[in-house]
Amino acid sequence: MAEFTDEDLKDIQGTILSGYGHLRYASYLFVQFADAAAAGPWLDRVAAEVTTAARWEVLPDGSKCKPPSALSFGLTFAGLRKLGLPEDALNTFEPEFIGGIVSRARVLGDSGESAPDHWEVGGPGTPEVHALLVLNSRDEESLDRGRAGLRTTLRETDGGVNEVNEQHGHRPHSSKEPFGFLDGISQPFVERSRGHPEPNQWVVQTGEFVLGYLNGYNEYALSPGVPAPCDPGDVLAPFPEGGVAGWKDLGRHGSFMVYRKLAQDVAGFWGTMAANAAREADGSPDVQDMIKLAAKCVGRWPSGAPLTLAPQHDDPALGQDASRNNRFFYQATDIAGFGCPIGAHIRRANPRDSRIYEDPQEAILTSNRHRILRRSVSFGRDLFPREDVGLGRIPRDLRDDGEERGIHLIAINASIRRQFELIQATWANPGSFNGLFDNKDTVIGDNDGTGQMTLQTPFVRRTLLNVNRLVRVRGGGYFFVPSLTALRFLGDFSLRRPVASHRGG
Amino acid sequence: MLLRGQTTSAGRPTGRTGPVTLMATIRPGQEQPLRDLLVSINNDIEGNPYIRFEADPFTHFARWFLIETPGHAPRLVFAATYNGELSRYVDNVVRVSPGLDEIWGKCEGYTGKASFPDFVRQHAVPSPYRFSAYPYETVESIRAKMAIRQHLEQSFDLEGVPGWLRRPGIAPLLDGLASLAVGPSVLSLLERWRGGAGPALANELRRLLLPPVLRATKAYSEFGEPKEYPRLLDIYSDPAKRRAYLEHAQALAANVSPYEQNQLTVLAPVQPGRLLRLRLALFLGGFMARYGYPPGELTGVFTIHALHWVLIDNGKYGIVMSNYDGSWENYLGDFADKMNYGLDALFNNCADYPPGGLNRIEAWGEWIRTAQLVVPLYYSAYPTETALHIGRDRQISGGGAGRKRAHDATVRALRLL
């Protein structure tokens, strides 16, 4: 399979193809357009700043010249409408994107304290979000500088484009998430990307993540379009397969991005483990057993070592070895879940070959049709050093301090419905996943204190009872990630305003 | 909350499960009141004064919906899955429906409860295709087995029990028992079927029947017909159609059940001249569904409780009704991944079927969603129970099978509960 051309790469936003592992600090700037005319020139400026997937320059010593910062950009449906896209064009987006993340609360299990009514950003009680700027930087200072620069561009619109919320965070050097586990291990390799996949890193069809290419079903994911008269400069490409008469492809080289602010109840998480763990002689919970229970819920040990390969205890060498820590399947060695429980987080978010009663190859095919690319950083101060978990140390008298901590999750996919939503709604939330009873994902499921987590053993299963919701949703949004071409088109378009005959209807 | 079936003077339902479908023309001006009534019942399944679902031991699933086809006044369709004889079922419906007059009285031809059996005979529509994942279970037997499993589950969670079971002296015994079990899989019923004469017979049936079925029904995916089809779904050229689709999709999204189980109801026009082929596909497909696959499985899919077709208006339309587990998106994915030739063989006889059929999941998904109906009243007797769970509950309860079978099932269930 051919790689992307240099021209393609310069048109695709960099965040789709790179996790920017070297850029550990991130700021999320949520903005609102007061009027489309002011947004136009601002979008042009943004287009000039957005980091593309263009190849990194190779220095004389053979190393790659990695960018010191990266900017990504996305638009909500409300933002696209505000820019004046005609209704016929707006209607070519997926219904789920049109409705927006708030309208999907029931499907996603965003209820109770996670209901959009309580959100800090993106909810009905907060200002409408039209666009999101994601800035990734090496350190706090450069993040501050970059953010100040973006705010300057906003000020210069004289109220035409306004910041409505800002979130920020960073990924620690340990790459541990706030519960203390290595994060971001199993990412699919996008076909046509540069480089080579890690062993057992699945190559997933380009069209699962980049619009305009064939996806896992060997067809094109729905891509938004605009009537050709809206594009008098012939900026946008035609649709693939000979095109659609009278329409241009707005989505080509673009994608969709889901933002979720997820607050993690660290005290609650370890409290759940403590309540269910074996006891020491003095009646206190056995810390090693707490860590084992937590690893069972996650499916990996704190080091990242998968339980399927290391069922008894953590194996940090395995966890840190990218060539081995994702090299496993379930059916051959762990079908019954004695290592990695059937309901463990990683066995839901990416079931690999473990879908019940399926031929392994078919199961993998199915799993790979529902993948996301994750780009996460943490926020908030640690309740206790998260790295301590990997060292076998957890405070015995852990109490919540009332502060919020967690991750900002960015999920990239070509179809929000078929990828992000399916994972949350069909694999993480249902208690009946893969034939289980009353087992929701302990980590990201919409638990309500009545369900359980079952740890399969050769005979009587072990259970964690009355599992509460341990990750609360604090904000969210569905964003269209336009190509650079589409971004410039949208900037020009909002200046010109749409042709009357293509509005409404 | 689950409704508990009660044994009443109508007696226990027995016999194979099957579908019944009634269709009657709505009296002029009664369409909206009927729709409102159905919605109000749906909003209060347990407390509504019209149908006492909690007293109904016969009905596994039921749905009421309205259809409109050219040349006909709007009609009410009622479809249910029940056990045994239709006459007994009709008596049961009358018994548990204090509001029968309010519902069917809005339809022409209904003259009262006393003559409801005659009304049913006159308005019943036969099903040329039917599938049930557990054809000899009744509502009561399913609930009883669920209760046994839940009781077992609670027993293992009693204070002290988990620790006792893990005591050093107990573990070797339990491990020894566990080692008697064969294989790590969980659905021993399926394994047993696979280990017996079933697969050979089913394979032979498939070998003999599938080629002629596929040839006769011209299933796209099997023959690669048509050879070329677009890989891009054109949602652009007809903006009015797209608008209507989006509105309909919104109504369908609001019609999704909050439970594990869901329903799919599709009204699809049959292509002119293709009725005979559709009938053949339904006959052969129904035969395969009944005899060609292990219990609980329909071409590799384990999420279907029941499925049936009816043909109406002299074969101008087909109505497809299924009960399945999980999200629509997942169900659709299962279709595309595993049931493609079977569904293509049936549905490609319908109008506007996308060339390429289930090879094009976007186009196929839009086609079936367009044909999907909003169902204002839907009932399941055990809405939180998946088809897989029902299969497993049967194992736990033993079902009168041999000691080893009951033991295997229990061992496996204990790992999962």
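Calculation criteria
Residues numbered from 1 in each chain as written. Chains lettered and ligands numbered in written order. Predicted model: local features only at pLDDT ≥ 70, side-chain atom pairs only at ≥ 80, totals over all residues. Helix = DSSP H or I, 4+ residues; strand = E, 2+ residues; numbered from the N terminus. Buried ≥ 20, exposed ≤ 12 C-beta atoms within 10 Å, placed from the backbone. Contact = placed C-beta atoms within 7 Å. Pairing = 2+ DSSP bridges. Domains from an automatic or database assignment. Nonpolar A, V, L, I, M, F, W, Y, C, P; charged D, E, K, R; others polar. Core = buried A, V, L, I, M, F, W, Y, C linked by C-beta atoms within 7 Å. Expected span 1.5 Å × (residues − 1). Axes fitted to C-alpha atoms, helices over the stretch in contact; angles between N-to-C directions.

1. Quick notes on the overall build of chain B
Scanning chain B for helices and strands turns up 17 helices and 8 strands. Here chain B holds 417 residues, and the buried ones make up 44% of them. The contacts in chain B between residues at least 6 apart in sequence include a share of 80% that link residues at least 24 apart.

2. Let's talk about the overall build of chain A
Helix and strand counts for chain A come out as 16 helices and 14 strands. By principal-axis analysis of the C-alpha atoms, chain A measures approximately 75 × 55 × 45 Å. Across the 505 residues of chain A, 59% fall into the buried class. Taking contacts inside chain A between residues at least 6 apart in sequence as the whole, the part at least 24 apart equals 70%.

3. Topic: the pairing of strand β9 (residues 255–264) of chain A
Residue and element names in this part refer to chain A. Most of β9 sits out of view: 10 of its 10 residues are buried. By the alternation rule, side chains of β9 split into Ser255, Met257, Tyr259, Lys261 and Ala263 and Phe256, Val258, Arg260, Leu262 and Gln264, which are all buried. Relative to strand β14 (residues 471–481), β9 is paired through 10 bridges, and the arrangement is antiparallel. By the bridge assignment for β14, Arg260 is matched with Gly476.

4. As for the environment of Phe239 of chain A
As for its position among the elements, Phe239 of chain A is in the loop between β7 (225–227) and β8 (247–249). When the C-alpha atoms of Phe239 of chain A and Gly491 of chain A are compared, they prove to be 21 Å apart, with 252 residues separating the residues in sequence.

5. Digging into the domain arrangement of chain B
All names here are of chain B. Segmenting chain B into domains produces domain 1 (17–125) and domain 2 (127–417). Contacts between domain 1 and domain 2 engage 29 residues on the former and 27 residues on the latter. Mapped by element, the contributors of at least two residues to the side of domain 1 that touches domain 2 are β1 (17–25), α1 (31–42), β2 (61–67) and β3 (75–83). No other element matches the 6 residues that β2 contributes to the side of domain 1 that touches domain 2.

6. Some remarks on the domain arrangement of chain A
How large an interface is tends to be reported as the accessible area lost when its parts come together. Residue and element names in this part refer to chain A. Along its sequence, chain A is carved into domain 1 (6–259 + 477–495) and domain 2 (263–372 + 392–411 + 420–475). Put simply, the middle of domain 1 and the middle of domain 2, counted by C-alpha atoms, are 30 Å apart. Those elements giving two or more residues to the side of domain 1 that touches domain 2 turn out to be β1 (25–33), α7 (105–108), β4 (161–170) and β9. For the side of domain 1 that touches domain 2, the element with the most residues is β9, which contributes 3 residues.

7. Side note on unusual backbone geometry
Residue and element names in this part refer to chain A. Of note in this structure, Ser175 is not a glycine but carries a positive phi near 55°. Summarising the element assignment, Ser175 is placed in the loop between β4 and β5 (189–190). Non-glycine residue Asn434 carries a positive phi angle of around 50°. The residue Asn434 is located in the loop between α15 (417–428) and β12 (451–455) in this model.

8. Focus: the interface of chain B and chain A
The partner chain A presents 45 residues to the 47 residues of chain B that form the contact. Broken down by secondary-structure element, the contributors of at least two residues to the side of chain B that touches chain A are α6 (161–165), α7 (171–180), α11 (239–254), α13 (328–338), α15 (361–371), α16 (387–396) and α17 (403–416) of chain B. Of the residues belonging to the side of chain B that touches chain A, the class tally is 25 nonpolar, 8 polar and 14 charged.

9. Some points on the nonpolar core
Counting 223 residues, the largest nonpolar core has Leu132, Leu133, Phe256, Ala294, Phe479 and Leu487 of chain A as the members making the most contacts within it. Among all residues touching Leu133 of chain A, those that are not within four sequence positions of it are Leu29, Val31, Leu71, Phe73 and Leu150 of chain A.

10. Let's talk about helix α12 (residues 275–291) of chain B
Taking 1.5 Å of rise per residue, the 17 residues of α12 of chain B would be expected to cover 24 Å, and the 24 Å separating its terminal C-alpha atoms lies within 8% of that figure. Of the positions making up α12 of chain B, those classed as buried are Leu278, Ala281, Leu282, Leu284, Gly285 and Met288 of chain B.

11. Some words on the sheet that holds strand β8 (residues 377–380) of chain B
All names here are of chain B. With antiparallel pairing, 4 strands are arranged side by side in an open sheet as β1-β3-β2-β8. Unpaired on one side and paired on the other, β1 and β8 mark the two borders of the sheet. Geometrically, the sheet is characterised by an average inter-axis angle of 15° between neighbouring strands, direction not taken into account. Examined bridge by bridge, β2 and β3 share 7 bridges and lie antiparallel to one another. By the bridge assignment for β3, Ala62 is matched with Ala80.

12. Digging into the sheet that holds strand β5 (residues 261–269) of chain B
All names here are of chain B. On the basis of which strands lie adjacent, the open sheet formed by 4 strands has the order β4-β6-β7-β5 and antiparallel pairing. Looking at which strands have only one partner, the edges of the open sheet turn out to be β4 (129–132) and β5. The mean inter-strand angle of the sheet, taken between neighbouring strand axes irrespective of direction, is 10°. When β5 meets strand β7 (residues 317–325), the two strands line up antiparallel, connected through 9 bridges. Across the sheet, Asn262 pairs through a bridge with Tyr324, a residue of β7. Where α12 meets the sheet, it contacts β4, β6 (304–312) and β7, and its direction lies at approximately 20° from that of β4.

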